[in-house]
Number of protein chains: 2
Amino acid sequence: MYTIAIHGGAGAVTRQTIAADDDPKFRAGLKAALQAASNILKHDGSALDAVEAAVKCLEDNPLFNAGKGAVYTKKGVHELDAAIMDGKNLQAGAIAGVRNVKNPVSFAKVVMEKSGHVLLSGKGANDYALKMKIEMESDDYFYTKQRYDQWLQVRHTDFYHLDHIVEEIPERKFGTVGAVVMDNSGSLAAATSTGGMINKQFGRIGDSPLIGAGTYANNQTCAISCTGHGELFIRAVAAYDVSCLMEYKNLSLHEAMQKVVNEKLKNMHAEGGMIGADAKGNLSFVFNAQGMHRGSIDAKGVEYVALYGDE
Amino acid sequence: MYTIAIHGGAGAVTRQTIAADDDPKFRAGLKAALQAASNILKHDGSALDAVEAAVKCLEDNPLFNAGKGAVYTKKGVHELDAAIMDGKNLQAGAIAGVRNVKNPVSFAKVVMEKSGHVLLSGKGANDYALKMKIEMESDDYFYTKQRYDQWLQVRHTDFYHLDHIVEEIPERKFGTVGAVVMDNSGSLAAATSTGGMINKQFGRIGDSPLIGAGTYANNQTCAISCTGHGELFIRAVAAYDVSCLMEYKNLSLHEAMQKVVNEKLKNMHAEGGMIGADAKGNLSFVFNAQGMHRGSIDAKGVEYVALYGDE
């Protein structure tokens, strides 16, 4: 028995804000990512490899704000963040502010497995990517017309954007992708990847690559991947808080996620959501925004894909 | 009534490893930092201002691995990390991998108060420092013979060091400084600052600037600043774990710190320690290393300064 849950960001995701043409494309992208993870898990692959495969698939899809589809920084480049954590041994790897890395999640896995460190950043992390022969792409690869046009609208302002929050751009969404998995051995893993905020500057790092904030996995409790207003998720130590509520207060996965997203984060005016898996086969999606791109394959093998709040 | 606890790193701090000449200098440095915080608190200053003042004082002291006394990276420069958190409103600011900033803790406070972000990194963070007119110093300022000689011994190796862990250098210590405070209004704050590991490379970020890992403050529970093997403190989400054990399991500050440092971290073979304050006036020092540079002024106004495990 295995389970998979993935997300492609939360926010003002409604039938009005998502173009009719894009709706099926987002769903197809989510399905492909579920399939990528499932292909590994059905052959007794590890949760760790499965979350990597799902996130890699979303990173390769230009529709999501991660990898190829990453937003532009104020300087007109792409600075990528990702994290991965193995619930079996609490090993973790993450990278922040790297450029030209095709699949940040796979790089984060190499950091976890080979570097002796958890978090590498910026130009130094790029040096390490070259040393480890991580697959790189030129800036051209990361060009998408949609993201470039978004950036042109805001590049002369100091306003930063959570994916796209400007009035002129209807779809206001926290662009992040993530996956949580329980594999056939009952082990958990989580991974998250993002291009961060549109027009971000000053080497800003959000919650995605921070263990305990945007990403966490522990076989004793849960695997969590978050998407939302990163600064508030950091201050709330959101992902680890779910784990602590389960470990110390005996809350269920869903109860703990509800408490963190719909009480603690909501009280901080933090918009967003998270996906979770536990080691008993439960999955949960909780978000306090209008919608969240999400999908799952549950313990009975039932596939679910949704974008809006009422699905 | 106010309380202050500070640390200047934990590790193989023994009467054999600390030069007899250095012992009184470390103690004087710790006393000066306590005084800096006390001067603010006795005039009803805030916990936030007091932790900044204490850490600033330690950053200005060439004996501690933070600010002026920071270790050298593999490239022979200084990359500084710091974080500050206000327990009153859970606001936080942090910087990672910045260069030439005289007082990283004060820069972290500006990030918290002015940037709209929590964590800025690398060259981007340096841009922000210039924009905000943060006090900068040339590389010369950060030269200290002791740190330079340490670096010369290891620069040609790929081995990185937790402050100094090489056999040739007897004093093996996790070089970090930190402060936790309860002010007269009962509010808490925490701050941590470090130059990181000697000979570090690849933009490695440790636990110090990560909210929940090396630094955390919440008036409902505690203020914590950690020092130790950063990667393991990140994976354990050590500082926030103390808070959760207090909030969800009703453990006392000291019980929660004991559980995290002497059970959870010890089981992960994570050497180090932490200092903590709660809103009732309690202070605690817990470390699983041989010693920790530390000091406090307790609720009765009694000053305490110590280096070794048996003091």
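Owing to the predicted nature of the structure, the values given are computational and were not obtained by experimental measurement.

What counts as what
- Residues numbered from 1 in each chain as written.
- Chains lettered and ligands numbered in written order.
- Predicted model: local features only at pLDDT ≥ 70, side-chain atom pairs only at ≥ 80, totals over all residues.
- Heavy atoms only, no water.
- Salt bridge = Lys/Arg side-chain N within 4 Å of Asp/Glu carboxyl O.
- Helix = DSSP H or I, 4+ residues; strand = E, 2+ residues; numbered from the N terminus.
- Buried < 20%, exposed > 50% of the residue type's maximum accessible area, 1.4 Å probe, protein only.
- Pairing = 2+ DSSP bridges.
- Axes fitted to C-alpha atoms, helices over the stretch in contact; angles between N-to-C directions.
- Contact = heavy atoms within 4.5 Å.
- Buried area = accessible area lost by both parts, 1.4 Å probe.
- Polar contact = N/O pair within 3.5 Å; in protein donor to acceptor, adjacent residues only side chain to side chain.
- Nonpolar A, V, L, I, M, F, W, Y, C, P; charged D, E, K, R; others polar.
- 1 Å grid on protein atoms, 1.4 Å probe; cavity = no way out; pocket = protein on both sides within 12 Å on 5 of 7 lines; lining within 4 Å.
- Points joined across faces, edges and corners; volume = space filled by probe spheres on them.
- pLDDT = per-residue confidence, 0-100.
- Parallel < 35°, antiparallel > 145°, perpendicular 65-115°, else oblique.
- Left-handed = near helix turned anticlockwise from the far one by under 90°.
- Core = buried A, V, L, I, M, F, W, Y, C linked by side-chain atoms within 4.5 Å.

### Here we look at the pattern of salt bridges
Summed over all chains, the structure comprises 30 salt bridges over all chains. Salt-bridge contacts for A:Asp127 lead to A:Lys123; the nearest nitrogen and oxygen are separated by 3.5 Å. Of the two residues, A:Asp127 and A:Lys123 are both situated in helix α4 (residues 122-131); the distance of four residues between them amounts to about one turn of the helix. Accessibility expressed as a relative area gives 23% for A:Asp127, which makes it partly exposed. Here B:Lys264 and B:Asp241 are joined by a salt bridge, their closest N and O atoms 2.9 Å apart. Within this pair, whereas B:Lys264 is found in helix α8 (residues 253-267), its partner B:Asp241 is found in helix α7 (residues 238-249), the two being separated by 23 residues in sequence. Taking relative accessible area as the criterion, B:Lys264 reaches 22% and is therefore assigned partly exposed.

### Details of the pairing of strand β14 (residues 303-308) of chain A
All names here are of chain A. Bridge analysis of strand β13 (residues 291-297) against β14 gives five bridges, and the strand direction is antiparallel. Residue pairing across strands places Gly291 opposite Tyr308, the latter belonging to β14. Linking β13 back to β14 in an antiparallel pair, the connection comprises five residues, with Gly301 at a positive phi of about 85 degrees.

### Here we look at the sheet that holds strand β12 (residues 283-287) of chain B
Residue and element names in this part refer to chain B. Within the open sheet, the four strands sit side by side as β9-β10-β11-β12. Their pairing is antiparallel. The open sheet terminates on both sides in strands that have one partner only, identified here as β9 (215-217) and β12. Within this sheet the neighbouring strands show an average axis-to-axis angle of 10 degrees, counted without direction. By the bridge criterion, seven bridges tie strand β10 (residues 222-228) to strand β11 (residues 272-278) in an arrangement that is antiparallel. Paired with Ile224 across the two strands is Gly276, which belongs to β11. This element, α7, spans β9, β10 and β11 of the sheet and lies at about 145 degrees to β10.

### A short note on the interface of chain B and chain A
A common way to state how big an interface is: give the accessible area lost once the parts meet. Tallying the contact residues gives 44 residues for chain B and 44 residues for chain A. It is B:Phe202, B:Arg235 and B:Tyr248 in chain B that bury the most area against chain A; as a group they hold 23% of the surface buried on that side. Put simply, chain B and chain A have four salt bridges between them. In this structure, A:Lys264 and B:Glu247 form a salt bridge, with 3.7 Å as the shortest nitrogen-oxygen distance. At the junction of chain B with chain A, the criterion picks out 20 residue pairs in polar contact (both at pLDDT 80 or more). It is α7(B) that contributes the most residues to the side of chain B that touches chain A, seven residues altogether. Split by residue class, the side of chain B that touches chain A holds 23 nonpolar, 10 polar and 11 charged.

### Things to note about the layout of surface pockets
Taken as a whole, the largest pocket encloses approximately 1,000 Å³ of empty space. Mapped by element, the contributors of at least two residues to the lining of the largest pocket are β3 (91-98), α4 and β8 (204-205) of chain A together with β3 (91-98), α4 (122-131) and β8 (204-205) of chain B. The residue inventory of the lining of the largest pocket, partitioned by class, reads eight nonpolar, 16 polar and 17 charged.

### Looking at the confidence of the model for chain A
Residues and elements named next belong to chain A. Within chain A, residue pLDDT values average 94, and 95% of them lie at 70 or more. Between residues 163-171, whose pLDDT stays under 50, and residues either more than four places distant or in other chains, the model counts 32 contacts. As scored by the predictor, the complex reaches a pTM of 0.96 and an ipTM of 0.95.

### Regarding the packing of helix α7 (residues 238-249) of chain A against helix α8 (residues 253-267) of chain A
Residue and element names in this part refer to chain A. Viewed as axis vectors pointing N to C, α7 and α8 meet at an angle of 135 degrees, and their least axial separation amounts to 9 Å. When the axis of α7 is compared with that of α8, the two are oblique. When the axes of α7 and α8 are compared, the crossing they make is right-handed. In contact with Ala238, Asp241, Val242, Leu245 and Met246 of α7, α8 contributes Leu253, Ala256, Met257, Lys259, Val260, Lys264 and Leu265. Tallied by class, the residues present in the contact of α7 with α8 amount to nine nonpolar, no polar and three charged.

### Quick look at the nonpolar core
What tends to happen in soluble globular proteins is that the nonpolar side chains get buried as a cluster. Of all hydrophobic cores here, the largest spans 106 residues; its most connected members are A:Ile224, A:Val242, A:Met274, B:Ile224, B:Val242 and B:Met274. Look past the residues within four positions of B:Val242 in its chain and what remains in contact with it is B:Cys222, B:Ile224, B:Leu253, B:Ala256, B:Met257, B:Val260 and B:Met274.

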